[in-house]
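# Chains, contacts and geometry: an overview
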Amino acid sequence: MKVYLSVDMEGITGLPDYTYVSSNEKNYERGRLIMTQEANAVIEAAFEAGATEVLVNDSHSKMNNIVIEELHPDALLITGDVKPFSMVQGLDSTFDAAIFLGYHARAGQKGVMSHAMTWGVRNMWVDDEVVGELGLNAMVAGYFGVPVVMVGGDDCAAAEAKALISGVKTAAVKETISRSAVKSLTPAKAHALLKETAADALNDIQAKPLIASDAPVFKIEFTNYGMAEWANLMPGTEIEPDTCIVTFRAKNILEAYQAMLVMTELAMRTSFC
């Protein structure tokens, strides 16, 4: 059994705000160590469930947060930026299951540090399905026939996962008070919960792959029109009239995903004004 583990940071135990997830902030080193230890709990559960390989993809910001010296010695790690498939780099049809750890709710929703890829994204859609990072990443897994069997994060990410993915197991390690305050389990309690949930998810896989349409229409709504103008520089895109929504008709979900990466990178070139 091969297990794929995508690890974001905002949904990690005890992390309430950006001072734990931004590399130039005072609490970041604490945050990345907690992140690494939390990944280890899931990795250990995967190997105990019979995994022969666990591939970990660091999926937050510049994607070089996990402390490799502290990572489970039998895991493999993808780290660094730029990656052609970002948060799902390395995921393919050879994997039996995917786990998303440290995930958060989509932009504009209740949840600790909720967002979608960048602060400039208000909404994303695949066809008529509104998605965040969780949903879009799960659709890439689904393209390869890989079910997302477990999602760990805050309570709002867990609810989002259950609404999207049939049969997924969730582990809510913290409860949202506000976008920058949480009621959290301690790491020891969170590790126990994550290990138990991962074991249940891998020993009896109930989750179904989340499948996008064969030629999806992908849309991003940006927070200002200047961002939409920058994103519209990518060939094949259109700005919907009187909106900040940019549309791209993709050949498949993989092309839609890479279009998202290009459009968000272009959009962030606009000024804050």
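The structure under discussion appears in the preceding block.
The model shown is predicted, which means the values in this text are computed figures rather than measured ones. (Residues numbered from 1 in each chain as written. Predicted model: local features only at pLDDT ≥ 70, side-chain atom pairs only at ≥ 80, totals over all residues. Heavy atoms only, no water.)

This brings us to the packing of helix 1 (residues 28–48) against helix 4 (residues 187–203). As a packed pair, helix 1 and helix 4 sit with axes 8 Å apart at the nearest point and diverge in direction by 35 degrees. Classified by chirality, the crossing of helix 4 by helix 1 is right-handed. Residue-level inspection shows Q37, E38, A41, V42, E44, A45, A46 and E48 of helix 1 in contact with helix 4, the latter providing A190, H191, L194, K195, A198, A199 and L202. For the contact of helix 1 with helix 4, the per-class residue count stands at nine nonpolar, two polar and four charged. (Axes fitted to C-alpha atoms, helices over the stretch in contact; angles between N-to-C directions. Helix = DSSP H or I, 4+ residues; strand = E, 2+ residues; numbered from the N terminus. Left-handed = near helix turned anticlockwise from the far one by under 90°. Contact = heavy atoms within 4.5 Å. Nonpolar A, V, L, I, M, F, W, Y, C, P; charged D, E, K, R; others polar.)

Our next topic: the environment of T270. For T270, the position within the fold is in the segment after helix 6 (253–267). Residues T270 and Y143, spaced 127 residues apart in sequence, show a C-alpha to C-alpha distance of 33 Å. Ignoring sequence-local partners within four residues, the contact set of T270 consists of N224, G226, M227 and W230.

Bringing the packing of aromatic side chains into the picture now. All chains considered together, the criterion is met by four aromatic pairs. Taken together, a centroid distance of 5.2 Å and an interplanar angle of 90 degrees make the contact between Y143 and F144 edge-to-face. With relative accessibility at 24%, the residue F144 sits in the partly exposed group. The ring of F95 is capped by K2, whose NZ or CZ atom sits 4.4 Å from the centre of that ring. (Phe/Tyr/Trp six-rings, centres within 6.5 Å; stacked < 30°, edge-to-face > 60°. Buried < 20%, exposed > 50% of the residue type's maximum accessible area, 1.4 Å probe, protein only. Lys NZ or Arg CZ within 6 Å of the ring centre and 35° of its normal.)

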